[in-house]
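Remarks on the overall topology
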Amino acid sequence: MATTTATINIASADLTDNALNITNTATLNKRGNLEGLDTIISATKTFTSTSAVDLVAVTGFTATAANKVYIANTGTSESDYFTIGIQSEEVGRLYGGDWMFIPWDANTDDDITITPSVATAMTAEYMVFS
Amino acid sequence: MATTTATITLSSADIQSDVLALTKQATLNKGGTTTGLEQTTGLNKIIYVSTANVLLLDSTVLGVGKAAKVYIANKSTDASEYLDIQIHDQNVGRLYAGDWMFIPWSQSDPDGNIRVKPSVATALPVEYMMIHEGATQTAAA
């Protein structure tokens, strides 16, 4: 059994009148118990087309599981973005430097899709914990 | 202009043969700009006492196509308790006790609401926050 943690810190000195500083750490466990997720897929992909493609397909993953997915746009452009979706539903846009971290239940057809906004070599890195 | 950062750290000494130690910081800007997001719902806490599928964040016209960021955390300490997360009618995943998520939310259409469905009706605490570009104001009830 592996022990993996994911910590987030959201901070701002001037978003609100009082400083914002939220920190939360999750231990990544299998569904409904305290046994750690023990499989990781880690990859970096460069895209040169604006076509929507599967970034992570459900094939090989257990459905209704407590998987976690991290995706980052490693670019630096403030205008180029990846549109991230699950099946046909758009989740949001990752602009240069943005990242996301989600639970993913990998149910039937719930592939995670990615669509670059430009065809000029955009790179994403991602990890799947399952 | 506000400056807000979101930093993730992923760590494990034993999920693979090499130590996992990833840190990534994002500066939360308006879509397509280097101007920081300036509005927030603030950090909210709700204790759910029903397993009904309910609205958490309402997609609004002023938010469609924008670069909002959403943080949701299941603050339960019972490992079996979870929160199903949906965008529009699409299941995203389950936040088990102690789990959190952080997503860009482009509110792709006015019906692209974020909804949650607790697994139990016995006081499941949830914290959430949205940092955003704009939200349509609604009239007071």
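Residue numbering note: each chain is counted from 1, following its sequence as written. Labels are handed out in written order, letters beginning with A for the chains and numbers beginning with 1 for the ligands. Where totals are concerned, whole chains, interfaces and linings use all residues; where local detail is concerned, this predicted model gives features only for residues with pLDDT of at least 70, and gives and counts side-chain atom pairs only at 80 or more.

**So, the overall build of chain B**
Threshold: Segments assigned H or I by DSSP are reported as helices when at least four residues long, segments assigned E as strands when at least two residues long, and all are numbered from the N terminus. Put plainly, a residue is buried at 20 or more neighbouring C-beta atoms within 10 Å of its own, exposed at 12 or fewer, and partly exposed in between, counting only other residues' C-beta atoms, which are placed from the backbone.
The helix and strand tally for chain B stands at 0 helices and 11 strands. Along the chain direction, N to C, the helices and strands of chain B fall in the order β-β-β-β-β-β-β-β-β-β-β. The 141 residues of chain B split such that 41% are buried.

**Some thoughts on the sheet that holds strand β4 (residues 53-56) of chain A**
Residue and element names in this part refer to chain A. Rules: By definition, two strands form a pair when at least two bridges between them are found by DSSP. Throughout, an axis means a line fitted to C-alpha atoms (over the contacting stretch in the case of helices), and angles, computed between N-to-C directions, take values from 0 to 180 degrees.
On the basis of which strands lie adjacent, the open sheet formed by 4 strands has the order β4-β9-β6-β7 and antiparallel pairing. Unpaired on one side and paired on the other, β4 and β7 (89-95) mark the two borders of the sheet. Averaged over all pairs of adjacent strands, the angle between their axes in this sheet comes to 35 degrees, without regard to strand direction. In this structure, strand β6 (residues 81-86) lies alongside strand β9 (residues 112-116), joined through 5 bridges in antiparallel fashion. Residue pairing in the sheet places I84 in a bridge with I114 of β9.

**Digging into the pairing of strand β1 (residues 4-12) of chain A**
Two faces belong to every sheet, and in a regular strand the side chains alternate between them. Here 9 bridges tie β1 of chain A to strand β1 (residues 4-12) of chain B, and the two strands are oriented antiparallel to one another. Considered in β1 of chain B, the bridge of I8 of chain A is made with I8 of chain B. Where β1 of chain A and strand β2 (residues 20-27) of chain A come together, 8 bridges link them in antiparallel fashion. Each residue of the ladder has a partner; that of I8 of chain A, found in β2 of chain A, is N24 of chain A.

**What about the interface of chain A and chain B?**
Let me state the cut-off plainly: C-beta atoms are placed from the backbone for every residue, and two residues are taken to be in contact when these atoms lie within 7 Å. Amino acids outside the nonpolar list (Ala, Val, Leu, Ile, Met, Phe, Trp, Tyr, Cys, Pro) and the charged list (Asp, Glu, Lys, Arg) are all regarded as polar, and Gly is one of them.
Counting from both sides, the interface comprises 51 residues of chain A and, opposite them, 51 residues of chain B. Broken down by secondary-structure element, the contributors of at least two residues to the side of chain A that touches chain B are β1, β2, β5 (67-73), β7 and β8 (99-104) of chain A. Looking at which element gives the most residues to the side of chain A that touches chain B, the answer is β1 of chain A, with 9 residues. Among the residues making up the side of chain A that touches chain B, the classes are represented as 24 nonpolar, 17 polar and 10 charged.

**Quick notes on the sheet that holds strand β2 (residues 20-27) of chain B**
Taken together, the 4 strands give an open sheet; going across it, the order is β2(A)-β1(A)-β1(B)-β2(B), and neighbouring strands pair in antiparallel fashion. At either margin of the open sheet sits one strand with a lone partner, and together these are β2 of chain A together with β2 of chain B. Across the sheet, the mean angle separating the axes of adjacent strands is 10 degrees when strand polarity is ignored.

**Topic: unusual backbone geometry**
All names here are of chain A. At T64, a residue that is not glycine, the phi angle is positive and equals roughly 55 degrees. Structurally, the position occupied by T64 is in the loop between β4 and β5. Notably, A106 is not glycine yet its phi reads approximately 55 degrees, a positive angle. For A106, the position within the fold is in the loop between β8 and β9.

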